[in-house]
Amino acid sequence: MFVKVCGLSTAEDVATAVDAGADAVGFVLTTSPRRVDAGLARELVASAPPGVLTVAVFRGEPATEIAATALDCGVAAVQLHGDYSPADYAALRRFPLRLVRAASATGDRSLRGDSLRGGSLRGGSLRCGDLGEDLLLVDSPTPGSGQTWDWGARDVRPEGHWLLAGGLRPDNVAEAVRRLTPWGVDVSSGVERARGVKDHTLIRAFVSAAKSAAPTW
């Protein structure tokens, strides 16, 4: 189970996530209570060991700005929220960056194939890679809000490497994994003691619970 811990803002946050066994750490470089500037992001990226994927999160910024900022920070991947086109993904593909496409669980316009309507999976044609991304992240309608969406539809899931996000916490991630059998999970608000402030005990508990929740597919 691939586990990403996002919205980190201190070196201690990064160290805790890495020590707990996280596979990826994320830093928000767009408007958000969790936003860090490029300078701090650069320091946090440098503190992550090789083998842990470092991800910069953006929403709405132009592809050229995203590439410049990501390369300046030294991240290995960028996560895109919002209405980015195939041309945007193609432009970013020219850089040494892995691409993560974030889509809403309620029919985000960027979804290809059947969308996730009404919060439940329909049709089975949603695929990672439709826009040229390496990973697909399926989130709640309001990313970072801690809102969950309907995990009840188990019969169909997106194809390929996809991450489940939205309202995950240490006490519900195992159930979410059992219901939707994602390739990985992503958490931010579910491991905070206050908005934008990570709780290291919750980070450890979340990673442990997620890693223990073996998929059934």
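The paragraphs below set out a description of the structure included in this document. (Residues numbered from 1 in each chain as written. Predicted model: local features only at pLDDT ≥ 70, side-chain atom pairs only at ≥ 80, totals over all residues. Heavy atoms only, no water.)

## Some points on unusual backbone geometry
Glycine aside, negative phi is the norm for most residues, and most peptide bonds take the trans geometry.
Step number 1: Despite not being glycine, T181 shows a phi value in the positive range, around 45°.
Step number 2: Within the secondary structure, T181 sits in the loop between α5 (173-180) and β8 (184-187).
Step number 3: In this structure T181 comes out as buried when scored by relative accessible area, which is 5%. (Helix = DSSP H or I, 4+ residues; strand = E, 2+ residues; numbered from the N terminus. Buried < 20%, exposed > 50% of the residue type's maximum accessible area, 1.4 Å probe, protein only.)

## Overview of the pairing of strand β3 (residues 53-59)
Step number 1: Across the 7 residues of β3, 6 count as buried, placing the element largely inside the fold.
Step number 2: The parallel pair strand β2 (residues 24-28) and β3, bridged by helix α2 (residues 38-47), forms a crossover whose chirality is right-handed.
Step number 3: The sheet contact formed by β3 and strand β4 (residues 77-81) spans 5 bridges and is parallel. Within β4, the position partnered with R59 by the bridge is H81. (Right-handed = clockwise from strand over helix to strand, strands pointing away. Pairing = 2+ DSSP bridges.)

## What about the packing of helix α1 (residues 11-20) against helix α6 (residues 200-212)?
Step number 1: As a packed pair, α1 and α6 sit with axes 9 Å apart at the nearest point and diverge in direction by 25°. Our classification of the angle between α1 and α6 gives roughly parallel. Judged by the twist between their axes, the crossing of α1 over α6 is right-handed. Mapping the contact onto sequence places E12, D13, T16, A17 and A20 in α1 and H200, I203, R204 and V207 in α6. (Axes fitted to C-alpha atoms, helices over the stretch in contact; angles between N-to-C directions. Parallel < 35°, antiparallel > 145°, perpendicular 65-115°, else oblique. Left-handed = near helix turned anticlockwise from the far one by under 90°. Contact = heavy atoms within 4.5 Å.)

## Examining the pairing of β8
Step number 1: Here β8 shows a buried face lined by G184 and D186 and a second buried face lined by V185 and V187.
Step number 2: Where strand β1 (residues 2-5) lies against β8, 4 bridges are found, and the strand directions are parallel. From the neighbouring strand, K4 faces β8, where its bridge partner is D186.
Step number 3: Bridge count between strand β7 (residues 162-164) and β8: 2 bridges; the pairing is parallel. Bridge assignment links L164 to a residue of β8, and that residue is V185.

## Thoughts on the packing of aromatic side chains
Step number 1: Per the stated rule, a full pass over the model turns up 1 aromatic pair.
Step number 2: Ring centres of F2 and W183 lie 4.8 Å apart, and the angle between their planes is 20°; this geometry places the pair in the stacked category. Here W183 lies in the loop between α5 and β8 and F2 lies in strand β1, a separation of 181 residues in the sequence. (Phe/Tyr/Trp six-rings, centres within 6.5 Å; stacked < 30°, edge-to-face > 60°.)

## Topic: α6
Step number 1: Its 13 residues give α6 an end-to-end C-alpha distance of 18 Å, which sits within 8% of 18 Å, the value for a rise of 1.5 Å per residue.
Step number 2: Buried residues of α6: I203, F206, V207, A209 and A210, and no others. End-on view of α6: buried residues confined to an arc of 165°, all on one side of the axis. Of the residues in α6, the exposed ones pointing more than 90 degrees away from the buried face are T201 and S212.
Step number 3: Next to the buried residues of α6 lie β1, α1, α5, β8 and β10 (197-198).
Step number 4: The N-cap residue of α6 is D199: its side-chain oxygen and the backbone nitrogen of T201 are 2.9 Å apart. (Expected span 1.5 Å × (residues − 1). Arc of directions from axis to C-beta. Polar contact = N/O pair within 3.5 Å; in protein donor to acceptor, adjacent residues only side chain to side chain.)

## A word on the nonpolar core
Step number 1: In this structure, V5, F27, V78, V173, V185 and F206 are the most contacted members of the largest nonpolar core, which totals 52 residues.
Step number 2: Residues within four places of F206 in sequence aside, it is in contact with V3, L168, R169, P170, V173, V185, V187 and V191.
Step number 3: Among the nonpolar cores identified, the runner-up in size contains 11 residues, and A77, A102, L135 and L137 belong to it. (Core = buried A, V, L, I, M, F, W, Y, C linked by side-chain atoms within 4.5 Å.)

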